[in-house]
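# Close look at the chain arrangement
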Amino acid sequence: MRIVPLGVLISGGGSNLQAIIDQIEAGRLSAAVRVVISNVPDAGGLKRAERHGLARQVVDHRLFPSRQDFEAELVRILNEHGVELVILAGFMRLVGPSLLSAFPNRIMNIHPALLPSFPGVHVWQNEVDHGVKLAGCTVHFVDQGTDSGPIIIQAAVPVLDDDDADGLAARILAQEHRIFSKAIQLYAEDRLEVTGRRVHIRGVDPNAGRGVLIHPPLEA
Ligand code: GAR
C-alpha cells in the first residue's frame, strides 16, 4: 500500500497529532508525517514532533500582512516537503482560498462536535449549556465555509448529567484520536469518493454499523 505524505497543521497541544504518529509507528496507518507546522510559536505539539524526529516549522500568522500571505507561506512549506494531504489537527485558523485551491479536497479537519451542530469555538460549553444528550466529533474535508465541508466520519459521545465542558471535551477527544486516523487510512486506501456534499466510502460492509445509539438508554 502506498504511503501518503502528510502535512499536519496545529495550534495547540497536539494530542491528535500524537495519535496519528502512534498509529503510523504501530504500522496501522499508511502515511508519513513530512512536516508539522504550527501558527503558535510555543504550541505543545511542536515538542511532540521533535520527540519523534519530525520536521517542524512555526509560521506565526501575526507576522503576515494578510491571510493570503500567511497561506502562501504554508503552501510553500507543504510543497517543499512533498505533502499530498493536509491534516488540520487543532489548527485554530480559518482556511482561505489560497490554501484550499492548492489542496482541493485534500485538506481534512477534525472538529469536536457532531457537525453541522456546534461549529466554531466554545463547542463543549455550548453543548453542555444546550443540554444535548449526544455530542461527538467529526472528520471532514475542508471547504470555504467554517466547519462545513463534506463529512467523512463521525463518532457520537453521550453527554452525562454531571458533565462539565472539560469532562465532555476529554471524552470526545478520546474518540477524535480514533476516527482521525481511520479517515486518513480510508484516504490512503483510495476509498473516499466525494460527490457534492456526500462522501461515499467504497467497500464498507452494508450490514455493519447499523446499530443506533440512544442516550439516555431506553428501558429494556
Ligand atoms: C481538538 O479537540 C480538536 O477537535 C479541536 O481542537 C482540539 C485540539 O486538540 N479543533 C477545533 O476546534 C477546530 N475547529 P489537540 O491539539 O490536543 O489535538
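Note that the coordinates shown come from a computational prediction; the quantities given were computed from them, not determined experimentally. (Residues numbered from 1 in each chain as written. Predicted model: local features only at pLDDT ≥ 70, side-chain atom pairs only at ≥ 80, totals over all residues. Heavy atoms only, no water.)

### Things to note about the pairing of strand β8 (residues 192-195)
Defined as follows: One bridge is not enough; two strands pair if DSSP finds at least two bridges between them. We count a stretch as a helix when DSSP gives it H or I for four or more residues in a row; a strand needs E for two or more, and each element gets its number in order from the N terminus.
Direction of pairing for β8 relative to strand β9 (residues 198-201): antiparallel, over a ladder of 4 bridges. Looking across to β9, one finds that L192 is bridged to I201. Taking the residues between adjacent antiparallel strands as the criterion, β8 and β9 are bridged by 2 residues, where G196 takes a positive phi near 60 degrees.

### Concerning the sheet that holds strand β2 (residues 31-38)
Operational definition: Interaxial angles span 0 to 180 degrees and are taken between N-to-C directions of axes, which are lines fitted to C-alpha atoms, for helices over the stretch in contact.
The 7 strands lie next to each other as β3-β2-β1-β4-β5-β6-β7, forming an open sheet whose pairing is mixed. Only two strands of the sheet have a single partner each, and these edge strands are β3 (56-58) and β7 (151-158). Going from strand to strand, the sheet's axes swing by 20 degrees on average, the running direction of each strand aside. As defined by bridge partners, strand β1 (residues 4-10) adjoins strand β4 (residues 85-88) across 4 bridges and the pair is classed as parallel. Residue pairing for β4: L6 is matched across the bridge by L85.

### Quick word on the pattern of salt bridges
Basically, it comes down to this: Here a salt bridge means any side-chain nitrogen of Lys or Arg lying within 4 Å of a carboxyl oxygen belonging to Asp or Glu. Burial classification: accessible surface area is computed with a 1.4 Å probe over protein chains only, and a residue below 20% of its type maximum counts as buried, one above 50% as exposed, and the rest as partly exposed.
Counted by the stated rule, this structure contains 9 salt bridges. Residues E193 and R202 are paired through a salt bridge, measuring 2.3 Å at the closest nitrogen-oxygen approach. Residue R202 is classed as partly exposed on the basis of its relative accessible area, which comes to 31%. In this structure, a network of salt bridges that share partners links the residues E73, R76 and E80.

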